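As a plain string of letters, each chain reads:
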Amino acid sequence: MRLRNIPRATKVLAQSSLVIKEEKEKKGKWQMVFAREAPLYIEIGMGKGKYIEAQALANPEINFIGIERYPSVLLRAVERLQEAEAAPPENLRFLCIDANELPEVFAPGEVSRIYLNFSDPWPKAKHARRRLTSSEFLARYDQFLEEDGLLEFKTDNEKLFDFSLEEVENSEQFALLAHTYDLHNDKEMCAGNIMTEYEEKFSGMGYPIHKLIAKHKKTSSPA
């Protein structure tokens, strides 16, 4: 999908207190950014940010960071929160970076949970390593996800889900805890489920939603 460039995006994001700048200098210091000690959950590829905002509102005891690589997409999330009647959740911040950079931003064991929601499927086989559930990305998450930390992934794309299950099951860093090919008809896995915009759209069209939960087996030693 071709993304429309919004010229004002860079300036608005630079001025927003919701968007963290000089993020690599915060590595190992994210508790100080939120001025409190609390588990840190991140969503990679947050889009317009409604899911991560709902999580932050529902779980005030957790610190949340939404990550989006495209400034024009993150702009929509920032402006929506700035224009809302209620103040943005105090436990929510954003980063505008590529997911490849995450090990440079978070220290070993600094993140407690990772959310991946309706990620780009990168359907061509030659692009498989770009998928956020590929073995390459699982190895990156291993560098900063705490031991026994969780990775949660939702998608409507069955081929991507099959690929993701195989990558997790073959991974040395993660253990598959649970999965379903029909989340909304799985009472146990759907308990407390917060829907994303894509989830509402696709489930409304009759497409089943797939979900997996994996646990981090170990914590890598710093390089």
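Rules used throughout
Residues numbered from 1 in each chain as written. Predicted model: local features only at pLDDT ≥ 70, side-chain atom pairs only at ≥ 80, totals over all residues. Heavy atoms only, no water. Pairing = 2+ DSSP bridges. Helix = DSSP H or I, 4+ residues; strand = E, 2+ residues; numbered from the N terminus. Axes fitted to C-alpha atoms, helices over the stretch in contact; angles between N-to-C directions. Polar contact = N/O pair within 3.5 Å; in protein donor to acceptor, adjacent residues only side chain to side chain. Contact = heavy atoms within 4.5 Å. Phe/Tyr/Trp six-rings, centres within 6.5 Å; stacked < 30°, edge-to-face > 60°. Buried < 20%, exposed > 50% of the residue type's maximum accessible area, 1.4 Å probe, protein only. Lys NZ or Arg CZ within 6 Å of the ring centre and 35° of its normal.

A. Just the sheet that holds strand β4 (residues 111–117), in detail. Read across the open sheet, the seven strands follow the order β3-β2-β1-β4-β5-β7-β6; overall the sheet is mixed. At either margin of the open sheet sits one strand with a lone partner, and together these are β3 (92–95) and β6 (174–180). Going across the sheet, the axis of each strand differs from the next one's by a mean of 20°, ignoring polarity. Alignment of β6 against strand β7 (residues 210–216), held across six bridges, turns out to be antiparallel. The residue of β7 that forms the bridge with L176 is A214.

B. Looking closely at the side chain of H216. Inspection of the secondary structure puts H216 in strand β7. Separated by 2.6 Å, the side chains of H216 and D142 make a polar contact. If we skip the residues at most four places from it in the chain, H216 touches D142, L145, E146, E147, D148, G149, Q173 and F174.

C. Layout of the packing of aromatic side chains. If you walk through the whole model with that rule in mind, you get 13 aromatic pairs. Arranged with centres 6.1 Å apart and planes meeting at 70°, the rings of Y41 and Y115 form a pair that is edge-to-face. Here Y41 is found in strand β1 (residues 40–44), whereas its partner Y115 is found in strand β4, with 74 residues between them in sequence. An angle of 80° between the planes, with centres 5.4 Å apart, marks the rings of Y51 and Y115 as edge-to-face. Highlighted residues: Y51 in helix α3 (residues 50–58) and Y115 in strand β4, separated in sequence by 64 residues. For Y51, a relative accessible area of 6% gives the class buried. Y115 sits in the buried class, given a relative accessible area of 3%. When the ring centre of F163 is taken as reference, the NZ or CZ atom of R131 above it lies at 4.5 Å.

Such coordinate-based values are descriptive only and should not be taken to indicate function.
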